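Chains, contacts and geometry: an overview
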Amino acid sequence: MSAARARRAASRGYTLIEVMAALGVLAIGATGVLALQKATLISNTNARNLAIANSIAMTWAERLRVDALQWNEPMRVPDISSDTDWLALSATSPFPAKVTPTEITALGSPSADVLGADIYAGDTWESAFCTHVRFRQFTDPVSGTRIWDSLLRAEIRVVWERSGNPIDCGILPLAVDTNPERFGAVYLTTGVLRNTSEDRR
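Please read these numbers as outputs of a predicted model, since none were measured by experiment.

1. Notes on the overall build of the protein
Along the protein, the regular secondary structure elements total 5 helices and 4 strands. For the protein, the succession of helices and strands along the chain, N to C, is α-α-α-α-β-β-β-α-β. Taken over 201 residues, the protein has a buried fraction of 32%. For the protein, the share of sequence-separated contacts (at least 6 apart) that also reach a separation of at least 24 residues comes to 57%. Total accessible area computed for the protein in this model is approximately 12800 Å², and 60% of it derives from carbon and sulfur atoms.

Structure (structure tokens):
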């Protein structure tokens, strides 16, 4: 091969097939990166929802413990229905019913925004999380009598729409139970102890 012919062959550059093959390899690599990005975004959203819902559930556990300070039964007169804000639901919603706690301005709301802050009536924010509670009194399984009069089991559930859409906190807890693929949820169980300071007097 002459020197002139070798120079012409070297100066031709890439063929169309070589360029197409390179673009195909690049497209396959880019598709993998985009799929990984989507999976990462979904995982981050799920982790954020779990963390915020867990924080809301712990906040509600503390609210119920504070509410229990009003449950003191002075002179052995039961007052859980009259003196407490949320624990009164234990008398009106026997186990296994779940209920949405009532909104009490400055104390707490069952609706929360995307950051976990309470949403009250009149607020313009849309609800991202809703709280349900269920109370259980400890009873003897044979006789059905209460074992511990001063202790309640509180089950707190914080739910959200898996799709990321705002949630209607007016939805019945049973509707959440029957649609686990639609709703994400965090559950927290805690004991709520009656204020026994009156007993020591």
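2. Description of the sheet that holds strand β3 (residues 151–161)
Spatially, 4 strands are ordered β1-β2-β3-β4 in an open sheet, and the strand pairing comes out antiparallel. Strands with a single pairing partner mark the edges of an open sheet, and in this sheet they are β1 (111–112) and β4 (183–193). Bridge count for β1 against strand β2 (residues 129–137) is 2 bridges, and the pairing is antiparallel. Among the inter-strand pairings, Ser111 is bridged to a residue of β2, identified as Cys130. Of the strands in this sheet, β1, β2, β3 and β4 touch helix α2 (residues 16–67), which is tilted by about 150° from β3.

3. Re the packing of aromatic side chains
Counting across every chain of the model gives 2 aromatic pairs. With a centroid separation of 4.8 Å and 65° between ring planes, the pair formed by Trp60 and Trp86 is classed as edge-to-face. Of the two residues, Trp60 sits in helix α2 while Trp86 sits in the loop between α3 (80–83) and α4 (89–92), which places them 26 residues apart along the sequence. If you follow Arg63 out to its NZ or CZ, it ends over the ring of Trp60, 4.9 Å from the centre.

4. Remarks on the nonpolar core
Across soluble globular proteins, nonpolar side chains have a tendency to be buried as a group. Within the largest apolar cluster, 27 residues are counted, with the highest numbers of intra-cluster contacts made by Leu64, Leu87, Phe129 and Phe135. The set of elements that each furnish at least two residues to this core consists of α2, β2, β3 and β4. The element best represented in this core is α2, accounting for 7 residues. Non-local contacts of Leu87, meaning those with residues more than four positions away in its chain, are made with Leu64, Asp67, Ala68, Trp71, Ile80, Phe135, Leu152 and Val192. With 7 residues, the next largest nonpolar core counts Ile167, Cys169, Ile171 and Val176 among its residues.

5. So, the confidence of the model for the protein
When pLDDT is averaged across the protein, the result is 83; 89% of the residues are at 70 or more. Mean pLDDT in the protein bottoms out at helix α1 (residues 3–11), which sits at 61, and peaks at β1, which reaches 94.

6. A short note on the side chain of Arg157
Within the element layout of this structure, Arg157 appears in strand β3. Contact partners of Arg157, with chain neighbours within four places excluded, come to Lys98, Cys130, Thr131, His132, Pro173, Val176, Asp177, Ala185, Val186 and Tyr187.

7. A look at the environment of Asn46
Residue placement: Asn46 occurs in helix α2. Classification of Asn46 by relative accessible area gives partly exposed; the value is 42%. Taking C-alpha positions, Asn46 is 9.8 Å from Gly164, a pair spaced 118 residues apart along the chain.

8. Comments concerning the state of the cysteines
Within the structure shown, the criterion is met by 1 disulfide. One disulfide in the model links Cys130 with Cys169; its S-S distance is 1.7 Å. Taking the torsion about the S-S bond as the criterion, the Cys130 to Cys169 disulfide, at about -95°, is left-handed. Of this pair, Cys130 sits in strand β2 while Cys169 is found in the loop between β3 and α5 (173–177), placing the two residues 39 residues apart along the sequence. You can call Cys130 buried: its relative accessible area is 1%.

9. Examining the environment of Ser90
You can see Ser90 is positioned in helix α4. Residue Ser90 is classed as buried on the basis of its relative accessible area of 9%. The residues touching Ser90, leaving out its near neighbours within four places in the chain, are Ile80, Phe135 and Leu152.

Conventions and cut-offs
- Per chain, residues are indexed from 1 in the order of the written sequence.
- Local features are withheld for residues below a pLDDT of 70 in this predicted model, meaning they are given only at 70 or higher, and side-chain atom pairs are given and counted only at 80 or more; totals for whole chains, interfaces and linings count all residues.
- By convention in this description, side-chain values take in all heavy atoms of the structure and omit both hydrogens and water.
- Helix and strand assignments follow DSSP, with helices taken as H or I runs no shorter than four residues and strands as E runs no shorter than two, numbered in order from the N terminus.
- When accessible area is computed with a 1.4 Å probe and restricted to protein chains, residues below 20% of their type maximum are described as buried, those above 50% as exposed, and intermediate ones as partly exposed.
- What makes two residues a contact is simply this: any of their non-hydrogen atoms within 4.5 Å.
- Note on areas: Shrake-Rupley, 1.4 Å probe, and residue coverage restricted to the protein chains presented here.
- Strands are treated as partners if at least two bridges between them are detected by DSSP.
- For helices, the fitted axis covers only the stretch in contact; all axes are lines through C-alpha atoms, and the angles between them, taken along N-to-C directions, range from 0 to 180 degrees.
- Within 6.5 Å between ring centres, the rings of Phe, Tyr and Trp (the latter by its six-membered ring) count as paired, and their orientation is classed by plane angle as stacked under 30 degrees, edge-to-face over 60, tilted in between.
- Only Lys NZ and Arg CZ are tested; either one counts as a charge over a ring when it is within 6 Å of the ring centre and within 35 degrees of the ring normal.
- Buried Ala, Val, Leu, Ile, Met, Phe, Trp, Tyr and Cys residues that are joined via side-chain atoms within 4.5 Å together make up what is termed a nonpolar core.
- Each residue carries a pLDDT score, the predictor's own confidence in it, on a scale running from 0 to 100.
- Any two cysteine sulfur atoms within 2.5 Å of one another count as a disulfide.

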